[in-house]
Amino acid sequence: MLLIFTNCKNQQLSVVGLQCEYLESPIGIDDPAPRFTWQIEGALEDTTAISFQLLMDTDKNTLKIGENVFWNSGMLKDNKQLMIYEGDDLKPFTKYYWRVLIFNQLGRQIAVSPVAHFETGMMNASNWAGKWISDGESVDYRPASYFRKAFKLKKKVETARAYITAAGLYELSINGEKVSDEMLNPMYTRFDRRNMYSTFDISSFLKNGQNVVGVELGNGWYNHQSTAVWFFDKAAWRNRPAFLLNIRVKYTDGSSEVIATDASWKRTESPVVFNSIYTAEHYDARQEIPGWNTSKVDDCDWNNAVETQAPSPVVVSQQLRPIRVTSVLKPVEMRKINDSNYVFTFPRNIAGIIDLKVKGKKGTVLRMAHAELLDKDGLPDLSNIDYHFRPTDDSDPFQTDIFILSGGDDHFSPKFNYKGFQYVGISSSEPIELKADNIRALEMHSDVPQKGFISSSNPTLNKIWEATNSSYLANLFGYPTDCPQREKNGWTGDAHIAIETALYNFDAITIYEKWMNDFKDEQRQNGVLPCIIPTSVWGYDWANGVDWTSAVAIIPWEVYRFYGDDRLLRRMYDNIKSYVDYITSISPDKLTDWGLGDWIPVKSESNKKLTSSLYYYTDVVILSKAASLFGKQQDAQYYTQLADEIKAAINKNFLNESTGIYCSGTQTELATALYWGVVPEVLKAKVAKNLYDKVAANNFHLDVGLLGTKALLNALSENGYAEAAYRVATQETYPSWGYWIKNGATTLFENWKVDVTKDASRNHIMFGEIGAWFYKGIGGLFPDEQYPGFKHFVLKPHFIDSLDHFEMKHRSPYGWINSCWKRDGNRIIYELHIPVNSSATLYLPPNNEQSSPLNLKAGNHTITFTISNNN
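Note that the coordinates shown come from a computational prediction; the quantities given were computed from them, not determined experimentally.

(A) View of the overall build of the chain. Secondary structure assignment for the chain yields 16 helices and 46 strands. The C-alpha atoms of the chain give a radius of gyration of 28 Å, which matches the 29 Å a tight globule of 871 residues would have. With respect to the three principal axes, the spread of C-alpha positions in the chain is 85 × 75 × 60 Å. Within the structure as shown, the chain displays about 31900 Å² of accessible surface, and the carbon and sulfur contribution to it stands at 46%. A distance of 2 Å separates the average location of the 89 positive side-chain charges in the chain from that of its 102 negative side-chain charges.

Shown next as structure tokens:
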């Protein structure tokens with residue numbers, strides 16, 4: 001029995017979510033052809049014939065009239081809610097207003113958007129004024145420096161912008177106030193090849209008369225003074241932190257002025273006596289200079305800044321979601337060990353810093369150790385995360401801030417560091433009285449909007465999804481990392497494994513577009529990439545095989561599928577091609593064992609040549625599809641044939657056709673062959689049954705490592721074994737994600753065991769594919785690559801026997817896709833919302849290609865049907 005109710009009658013449309021370069025009202029745009037996106041709310045029965053028109057002008061009133069505007073896109077009928085600017089050259093330092101008009105098939109306007117705006121930045125390097133400046137000290141000099149410049153404004157200010165780039169990290173203030181809540185600027189890049197600048201609206205911070213601009217510089221990744229196995233202290237770019245700042249003031253009389261950095265700026269030591277992005281921050285409150293960045297301080301005794309060379313010839317606008325403090329956590333427990341030692345427990349494992357307010361004897365030294373574990377005595381235990389740290393002395397303890405008290409009411413919160421922790425142990429050189437109210441934990445990460453939600457009747461499932469998202473965010477700091485404590489490295493393998501988890505749950509395109517530029521900076525002429533990006537020198541000779549560095553192809557491809565925007569894929573095309581050609585040059589038999597293999601498996605070792613060759617095949621398939629998309633027919637033909645040859649070589653060398661077993665038949669070997677699409681069609685059912693039997697024989701527990709977690713659940717649910725996949729995904733005994741949850745985890749671990757205390761992070765994203773599988777394996781939501789960006793999408797939901805309800809939401813480029821089902825006896829009530837200007841094909845049980853699909857238009861749909869045992 002199948003009952004369908006559809007409500008897609010015409011309703012008034014509204015245009016919402018207007019973005020330029022995937023940001024709301026950005027300033028500092030440098031792209032000569034910015035992209036515009038929007039969404040439509042309401043309902044419209046027929047969206048096949050609607051058209052869009054975009055108008056843009058520097059005058060808001062002219063734009064509203066709609067005549068003689070700076071740019072008129074004309075009426076576009078391709079139905080995509082993505083438009084690229086194609087007008088005259090944009091002017092620097094200019095505010096542009098824009099809006100979208102929607103027309104029906106008769107050419108009648110049926111909706112108009114609110115007016116949005118963006119503002120251009122430098123647009124050209126020649127527009128920078130002034131010089132890069134530094135403090136002129138050696139790279140081993142530990143204190144951070146204050147820089148300041150006093151200036152007078154004699155006319156009324158209309159607008160003012162600060163354009164600032166740095167090698168290192170900075171905190172910018174005007175007249176004693178921070179100009180932004182952004183943290184850890186600028187984002188980490190290969191500093192000798194590309195630097196990033198940010199733009200801030202500082203109009204409200206300025207005043208008539210005397211003003212002071214202040215900058216505090218930290219080391220960041222540029223001047224890495226800590227020592228670890230990745231040799232960032234030996235980076236070719238390493239130097240003393242430096243910055244370049246332009247303040248452009250526009251007056252109401254139409255004149256303008258630029259205040260720029262040069263040797264006239266003053267500088268002195270700040271109370272930050274040591275800072276390391278990798279370890280911690282040390283602060284001596286006795287050295288504070290109250291009002292140092294205001295006109296109240298006389299800087300005549302300060303030294304002059306030192307002009308220095310630019311770190312690289314390339315400075316680009318930092319147009320991505322910034323790092324911010326996103327939540328403030330109170331301790332859930334405080335243990336007083338004695339008068340000089342306290343341990344604070346926070347409700348969950350996070351990436352971030354602390355905020356401490358305290359009063360004590362002048363000169364008292366507080367040491368604040370941040371940990372994910374406590375030892376048997378209840379004290380912070382860093383043994384699981386300090387394994388790769390190589391200190392040369394005891395002056396730079398790992399994840400341990402040092403705070404020297406002034407004797408007054410002191411306040412400490414690091415500016416140039418972050419850590420991974422759930423526990424903070426404070427030890428004092430003198431007796432001190434602390435309370436829970438003295439300390440807070442500040443959670444930090446790239447502030448990407450959430451665009452996906454999962455909820456079900458299984459609490460463990462819900463907690464796994466939450467923990468996965470927490471680990472993803474804790475590892476997003478302008479680039480995706482592996483862990484926020486031990487390494488903070490941009491591991492390529494972890495990132496491509498988790499890319500669908502990222503894109504189903506978060507609007508993270510700006511982060512990945514920036515990170516792919518880091519790939520371009522790091523790729524060698526022969527196509528080889530390092531395993532961590534950015535890097536100094538480490539990672540070109542180990543762990544950078546195909547199974548890790550395939551991120552160069554997989555991530556741009558997934559961004560294209562999820563956003564329907566081919567710019568990143570197009571930009572990376574030559575890099576992917578160079579990378580693939582290198583693999584081909586070292587793989588004469590169309591197979592490769594270049595890779596790490598199925599990293600950290602439970603017990604079974606899988607064939608590395610098989611898994612590496614599968615990723616080689618995947619990269620070539622992506623390249624062939626991209627070549628076809630971009631009209632590169634010769635490349636498309638060549639790489640399509642190469643993909644066929646690799647697939648044939650894999651099956652010839654690793655597949656036993658009579659048994660349907662790949663290699664020795666581990667879960668990873670069977671699942672990856674199915675997931676990456678090399679299994680011959682006639683053998684899919686046999687290979688899938690073998691995988692099911694293997695999982696069932698292991699009592700529906702996984703026996704895989706990193707590569708296997710990407711494939712296992714998907715291979716089962718996409719080949720008729722969704723119930724088995726669900727059982728694996730929601731197990732609560734070892735080894736499983738649920739086992740972590742039952743042992744108190746609020747994030748994902750690096751090792752399936754919970755009692756490992758050496759080199760085992762408790763905030764790792766590498767096993768995070770499960771966060772995407774909830775959308776695919778239960779919700780059944782897949783983008784249709786023929787109509788990318790969810791212009792059309794496929795739904796193959798699985799109505800799991802042991803679930804009473806399941807809800808999935810995803811904000812696509814066209815709006816919210818809502819899918820919710822619940823049980824009513826032996827009936828399923830399935831509710832679906834398809835956004836305006838989008839459509840879907842729904843496959844109901846038995847969820848295979850032979851079932852009768854339902855082609856659904858935009859609107860709300862309620863489907864009621866009877867279901868028997870699902871598997």
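(B) Here's a closer look at the sheet that holds strand β44 (residues 839–842). Judged by pairing direction, the sheet is mixed, and its 4 strands sit side by side in the order β39-β40-β44-β45 without closing on themselves. Both edges of this open sheet fall to β39 (781–783) and β45 (854–856), since each of them pairs with a single strand only. Pairs of neighbouring strands in the sheet enclose a mean axial angle of 25°, with direction left out of account. Note: β44 against β45, 3 bridges, orientation antiparallel. Counterpart to T841 in the pairing with β45 is N855.

(C) Region of the structure containing unusual backbone geometry. Cis geometry is adopted by the peptide bond preceding P534, which originates at I533 and carries an omega value of -5°. The residue P534 is located in the loop between α5 (509–522) and α6 (546–549) in this model. Cis geometry marks the peptide bond from Y734 to P735, where omega comes out at -5°. Take P735: it is sitting in the loop between α14 (722–729) and α15 (737–742). For L184, which is not a glycine, the phi torsion comes out positive at approximately 55°. Locating L184 in the fold gives a position in the loop between β15 (177–178) and β16 (195–201). At N837, a position not held by glycine, the phi torsion is positive, near 70°.

(D) Representation of the pattern of salt bridges. For the coordinates displayed, the defined rule picks out 53 salt bridges. Linking E487 and R486 is a salt bridge whose minimum nitrogen-to-oxygen distance equals 2.7 Å. Both residues of the pair, E487 and R486, belong to the buried class. Taking the shortest distance from any N to any O, the salt bridge between D589 and K609 comes out at 3.8 Å. Here D589, found in the loop between α8 (567–585) and α9 (608–629), pairs with K609, found in helix α9; they are 20 residues apart in sequence, far enough to count as distant. Relative accessible area serves as the criterion here: at 40%, D589 is assigned to the partly exposed category. Several salt bridges converge on common partners, so that one network encompasses E21, D31, R35, E513, D565 and R567.

(E) The side chain of H792, seen in detail. Topologically, H792 is positioned in strand β40 (residues 792–795). Excluding its chain neighbours within four sequence positions, the residues that come into contact with H792 are D784, Y787, S838, S839, A840 and T841.

(F) Quick look at the pairing of strand β10 (residues 116–120). Counting buried residues along β10, 4 of its 5 residues qualify, which places the element largely inside the surrounding structure. Where strand β3 (residues 27–29) and β10 come together, 2 bridges link them in parallel fashion. Bridge pairing in β10 places I27 opposite E119. By the bridge criterion, 4 bridges tie strand β8 (residues 95–103) to β10 in an arrangement that is antiparallel. Note that in β10 the partner of W98 across the bridge is A116.

(G) The arrangement of the environment of V16 in detail. Mapped onto the elements, V16 comes out in strand β2 (residues 11–20). A relative accessible area of 24% means that V16 is categorised as partly exposed. Along the primary structure V16 and T165 are separated by 149 residues, whereas in three dimensions their C-alpha atoms are 33 Å apart. Discounting chain neighbours no more than four positions away, the residues touching V16 are W38, Q39 and E41.

(H) Representation of the packing of α8 against helix α10 (residues 633–654) in the model. Packing of α8 against α10 leaves a shortest axis separation of 13 Å and a crossing angle of 40°. One way to sum up the angle between α8 and α10 is to call them oblique. Our pair here, α8 against α10, has a crossing hand that is left-handed. Contacts between α8 and α10 involve Y573, K577, V580, D581 and T584 on the former and, on the latter, D635, Y638, Y639 and L642. For the contact of α8 with α10, the residue count by class is 5 nonpolar, 1 polar and 3 charged.

(I) Here's a closer look at helix α2 (residues 459–474). Compared with the 22 Å implied by 1.5 Å per residue over 16 residues, the 22 Å span of α2 between its first and last C-alpha is a close match. With 13 of 16 residues buried, α2 lies mostly within the body of the structure.

(J) Spotlight on the side chain of S456. Within the element layout of this structure, S456 appears in strand β36 (residues 452–456). Here the side chain of S456 touches N458 through a polar contact of 3.0 Å, landing on its backbone nitrogen. Among residues more than four places away in sequence, those in contact with S456 are L461, N462, L803, H805 and F806.

(K) Quick look at the nonpolar core. Y512, I650, Y662, W737 and Y830 are the most contacted members of the largest nonpolar core, which has 193 residues in total. Ranked by the residues each element gives to this core, the list is headed by α9, at 11 residues. Setting aside chain neighbours within four positions, we find W737 in contact with I464, L702, T709, L713, V728, A729, L748, W752, F767 and I770. Listed in part, the 27 residues of the second largest apolar core include F151, V179, I202 and F243.

(L) Highlighting the packing of aromatic side chains. With the rule as written, the count across this model stands at 58 aromatic pairs. Here F191 and Y222 contribute two aromatic rings whose centre-to-centre distance is 5.3 Å and whose plane-to-plane angle is 75°, an arrangement assigned as edge-to-face. Here F191, found in the loop between β15 and β16, pairs with Y222, found in the loop between β17 (209–218) and β18 (242–251); they are 31 residues apart in sequence, far enough to count as distant. Look at W230 and Y278: their rings are 6.2 Å apart centre to centre, the planes differ by 75°, and that puts the pair in the edge-to-face class. Pair noted here: W230 is in the loop between β17 and β18 and Y278 is in the loop between β21 (272–275) and β22 (281–284), with a separation of 48 residues, a long-range link. Here W230 and Y278 have matching classes, each one buried. Through a chain of ring-to-ring contacts, the aromatic side chains of W230, Y278, F389, F398, W491, W538, W542 and W599 assemble into a single cluster. A cation sits over an aromatic face here: K632 above Y573, 5.1 Å from the ring centre.

Rules behind the numbers
- Position numbers for residues count from 1 along each chain, tracking the sequence in the order it is written.
- Residue-level local features of this predicted model are given only where pLDDT is at least 70; pairs of side-chain atoms are given and counted only at 80 or more, and the full residue set underlies all totals for whole chains, interfaces and linings.
- Each side-chain value is derived from all of the structure's non-hydrogen atoms; neither hydrogens nor water enter the calculation.
- Comment: elements are numbered from the N terminus, with helices defined as DSSP H or I runs of at least four residues and strands as E runs of at least two.
- For the radius of gyration, the atom set is restricted to C-alpha positions; the globular benchmark scales as 2.2 Å times the number of residues to the power 0.38.
- Per-residue accessibility takes into account occlusion by the displayed protein chains alone, with areas from the Shrake-Rupley method and a 1.4 Å probe.
- The convention is simple: Lys and Arg are positive, Asp and Glu are negative, and His and the chain ends are not counted.
- Every charge is mapped onto a representative atom, which is NZ of Lys, CZ of Arg, CG of Asp or CD of Glu.
- A pair of strands is labelled paired if DSSP reports no fewer than 2 bridges between them.
- Under this scheme, a helix contributes an axis fitted over its contacting stretch, all axes are lines through C-alpha atoms, and angles between N-to-C directions fall in the 0 to 180 degree range.
- By definition, a salt bridge exists where a carboxyl oxygen of Asp or Glu is found within 4 Å of a side-chain nitrogen of Lys or Arg.
- Partly exposed residues are those whose accessible area sits between 20% and 50% of the maximum for their type, while under 20% is buried and over 50% is exposed, using a 1.4 Å probe and protein chains only.
- Any two residues having at least one pair of non-hydrogen atoms within 4.5 Å are treated as being in contact.
- The cut-offs work like this: below 35 degrees is roughly parallel, past 145 is roughly antiparallel, 65 to 115 is roughly perpendicular, and the gaps in between are oblique.
- Crossing handedness is defined as follows: a turn of the near helix away from the far one that is anticlockwise and smaller than a right angle gives a left-handed crossing, while the clockwise case is right-handed.
- Lys, Arg, Asp and Glu make up the charged group, whereas Ala, Val, Leu, Ile, Met, Phe, Trp, Tyr, Cys and Pro make up the nonpolar group; the residues left over, Gly among them, are polar.
- The span expected for a helix works out to 1.5 Å for each residue beyond the first.
- Whenever two N or O atoms come within 3.5 Å, that pair is a polar contact, provided that in protein one can donate a hydrogen and the other can accept it, and provided that, for residues adjacent in sequence, both atoms are side-chain atoms.
- Grouping buried Ala, Val, Leu, Ile, Met, Phe, Trp, Tyr and Cys residues that are joined through side-chain atoms within 4.5 Å yields what is termed a nonpolar core.
- To pair, rings of Phe, Tyr and Trp, with the six-membered ring standing in for Trp, must have centres within 6.5 Å; the planes then decide the type, stacked if under 30 degrees apart, edge-to-face if over 60, and tilted in the middle.
- The rule is short: NZ of Lys or CZ of Arg within 6 Å of the ring centre and within 35 degrees of the ring normal puts a charge over the ring.

Honestly, that's just the spatial picture; any functional story needs more than this.
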